[in-house]
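What follows is the residue order along each chain.
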Amino acid sequence: MDVEALRLSFELAALTTIALLVIGLPVAAWLASSRWRWKPMVEAVVALPLVLPPTVLGFYLLVAMGPMSPFGRAWISIFGRPLAFSFEGLLLASIVYSLPFAVQPFAAALSAVDPRLVEASHTLGVSRLATFFRVSLPIAAPGVIAGAVLTFAHTLGEFGVVLMVGGNIRGETRTLSIAIFDAVEQLDYATASRTALFLLAVSFTVLVVTYSLRRRPVLG
Amino acid sequence: MTGTLSVDVRRLFPGGAGVRASLDEPLAAGGVLVLFGPSGSGKTTLLRAVAGLDRPDAGSIAFGGETWFDAAAGIHVPAQLRRAGFLFQEFALFPHLTVGGNVAFGLGHLRRDERGGRVKETARLLRVEHLLGRRTAGLSGGERQRVALARALAPRPRLLLLDEPLSALDGPTREELRGELRALLHHLGIPSILVTHDRVEALALGDRMAVLVDGVVRQVGPVDRVFSAPVDDVVARVVGTENVVPVRVAGVEDGLVVAEAGAVRLLALDPGRLPADAFACVRAEEVILERAPGAATSARNHLAGVVASLVHEGPLVRVTVDCGIRLVALVTRSGAEQLGLAVGLPVAALVKAQAVRLVPRG
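Criteria and cut-off values
Each residue is numbered by its place in its chain's sequence as written, counting from 1. Chains and ligands are labelled sequentially in the order written, the chains with letters from A and the ligands with numbers from 1. Residues qualify for local features only when their pLDDT is at least 70, as the model is predicted, and side-chain atom pairs are given and counted only at 80 or more; totals for whole chains, interfaces and linings, by contrast, use all residues. Elements are defined by DSSP. Helices are runs of H or I of four residues or more, strands are runs of E of two residues or more, and each kind is numbered from the N terminus. Three classes are used. A residue is buried when 20 or more other C-beta atoms lie within 10 Å of its own, exposed when 12 or fewer do, and partly exposed in between, with C-beta atoms placed from the backbone. C-beta atoms are placed from the backbone for every residue, and two residues are taken to be in contact when these atoms lie within 7 Å. Lines fitted to C-alpha atoms define the axes, with helix axes restricted to the stretch in contact, and inter-axis angles between N-to-C directions lie between 0 and 180 degrees. Should an angle fall under 35 degrees it is called roughly parallel, over 145 degrees roughly antiparallel, and 65 to 115 degrees roughly perpendicular, with every other angle called oblique. Left-handed is the label given to a crossing in which the near helix is rotated counterclockwise from the far helix by less than a right angle, and right-handed is the label when the rotation is clockwise. Amino acids are sorted into nonpolar (Ala, Val, Leu, Ile, Met, Phe, Trp, Tyr, Cys and Pro), charged (Asp, Glu, Lys and Arg) and polar (every other residue, Gly among them). Throughout this description, the term nonpolar core refers to a group of buried Ala, Val, Leu, Ile, Met, Phe, Trp, Tyr and Cys residues whose C-beta atoms join them within 7 Å. Should DSSP find at least two bridges between two strands, the strands are regarded as paired.

S.K.: What is the right way to read the overall build of chain A from this model?
M.R.: The secondary structure content of chain A amounts to 10 helices and 0 strands. From first element to last, N terminus to C terminus, chain A shows the α and β order α-α-α-α-α-α-α-α-α-α. Counting only C-alpha atoms, chain A reaches 65 × 40 × 30 Å along its principal axes. Among the 220 residues that make up chain A, the fraction classed as buried is 39%. Long-range contacts, defined as pairs at least 24 residues apart, comprise 72% of the intrachain contacts of chain A with a sequence gap of at least 6.

S.K.: Would you mind showing me how to read the packing of helix α6 (residues 115-123) of chain A against helix α7 (residues 128-157) of chain A here?
M.R.: Between two packed helices, the angle of one axis relative to the other and the distance separating the axes together describe the packing. All names here are of chain A. Taken N-terminus to C-terminus, the directions of α6 and α7 make an angle of 140°; their axes are 10 Å apart at the nearest point. Between α6 and α7, the interaxial angle falls into the category oblique. Remark: the crossing between α6 and α7 carries right-handed chirality. Side by side, α6 and α7 meet where Leu117, Val118, Ser121 and His122 of the first sit next to Thr131, Arg134, Val135 and Ser136 of the second. Here the residues of the contact of α6 with α7 are counted per class, giving 3 nonpolar, 4 polar and 1 charged.

S.K.: Would you take a moment to explain the nonpolar core for this structure?
M.R.: One recurring pattern in soluble globular proteins is that nonpolar side chains are buried together. Formed by 162 residues in total, the largest nonpolar core has its most connected members in Val34, Val50, Leu161, Ala280 and Ala349 of chain B. Those residues in contact with Val50 of chain B, other than ones at most four positions away along the chain, are Val7, Ile61, Ala84, Leu161 and Ile193 of chain B.

S.K.: Whenever I open this one, helix α1 (residues 43-51) of chain B confuses me. Can you help?
M.R.: In an α-helix, one turn spans 3.6 residues, which is why side chains three or four residues apart end up on the same side. The buried fraction of α1 of chain B is high, at 9 of 9 residues. The set of residues buried in α1 of chain B consists of Lys43, Thr44, Thr45, Leu46, Leu47, Arg48, Ala49, Val50 and Ala51 of chain B.

S.K.: What should I look at first to understand the sheet that holds strand β11 (residues 216-222) of chain B in this one?
M.R.: Strand-to-strand pairing in sheets goes through backbone hydrogen bonds, with the strands running parallel or antiparallel. Residues and elements named next belong to chain B. Taken in spatial order, the 6 strands of this open sheet run β7-β8-β9-β3-β10-β11, and their pairing is mixed. Across the chains shown, the open sheet's two edge strands, defined by having one partner strand only, are β7 (84-87) and β11. Across this sheet, the average inter-strand angle for adjacent strands is 20°, counted without regard to direction. Alignment of strand β3 (residues 32-36) against strand β10 (residues 208-213), held across 4 bridges, turns out to be parallel.

S.K.: What is the right way to read the sheet that holds strand β16 (residues 288-291) of chain B from this model?
M.R.: All names here are of chain B. The sheet built from 5 strands is open, its strands ordered β16-β20-β17-β18-β19 with antiparallel pairing. The open sheet has two free edges, formed respectively by β16 and β19 (326-332), since each of these has just one partner strand. Pairs of neighbouring strands in the sheet enclose a mean axial angle of 45°, with direction left out of account. Sheet topology note: the β16/strand β20 (residues 346-351) ladder contains 4 bridges and is antiparallel.

Keep in mind that these numbers describe shape and distance, not what the molecule does.
Laid out in structure tokens, this is it:
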């Protein structure tokens, strides 16, 4: 098995998960409590990666990161190297692609928190932000952990967007799923099979963990 | 701590129903103002607006000279800064914390050692000291209520708001906690506002009472006065029990309680554990009138008096009899005609002992 690809995949999955905890939790908290008229638009944007073919998403991300776009040019002028076909570009694409896998379970878990508990905290003088960390998050923890685990597993196995945005550069953008594709193209079925079996095992374990978390009562 | 609560708010709900409540009440330390009304009358909406949990569409709220809400001026003091303790109907204890964690929740502003002291002190007051290390999941209804009260009281609020505090409890526990809660609220030294749709609860716990019907405050006054002298037929229908008489329990005779209101003696069933002061409640429908003096009847209470007023209400006549106490009787029109009822006519009011309900005070 391609150890370099394994390391890269885990690094990508871990960083994507951390980034989505930071970005996804505020978005989910907002979705869970907002009564804004245009909220469905935001929900649709978040869910878009679920239904779009990875090639479509990858294509737009690639164009956005390329040296022809203002964003791509700005990146080059700041960091001195292009975003497309780099690990950073891959990370950015993964974050966008895995957004619904994090935000939707987060939002579901947060909206299941009894609003009276949040109100009780407010009447006890505790600010909104502190209430989120002291009441909502601990109670929604199983759902948030499930979302994080799902994000990790999903990033670990993603293929289409990675191929479009990252290509196949050893040590930079070549992830496990690309390695499998590569091995099959070279008719190296033994390597492909080992890697595939590994991903299957990881995915299965992750789902078992996710579902057992979901069944656990919130009492802790 | 005392202060005048001034509320004049409007809150509209989709579908047309809404609340248009205004109230101007001095709240005494240890005093309990009851917001009474049928479900959907807007009493909880009003309480939540005072707490700062809901934002009315228009109007203003002030307490103790401090403006909490003013739609015109764009003022909305958040719930966090109002220092109004809130007791939720189902108590809303934090399930991920211990009892101690719940009680200490609103004490983040205190130093660690002060916090511990305050938790102990409040827990002692509510007799939940032995529960501090426990999770909230295994607590009984009564324990949950006491823990929720301890949590609300620990930060020393200026005002305590209680939303149907006894409705989540089963019958026997409710009876037991009613007396306890009254003693506690009076002992606290802060004013309380309590929402209920239960007459007995209103009588047992309240000092003053505001009656809400369809989102409008129809009457405010001392509890017994509101019950015995409703300002109009709408309030009369809502409060249901027209005759509420403050009495002193004088003793027990043949298994019946003797309750005295001045010179008038009333016999009633013994509800058990009665303190000296109580309200005797009689529904107007249960008062029978006859031309005095009548033949022997099974009714234990015979009160001689004169008709003070007659009000026709469709097929019924509301008759007020002055018999040392003012007693309201609801009789049929034909019944009234047969007796030839007129103001000044001497009559006897008959009430069965079972129809006299005693509600303890204190």
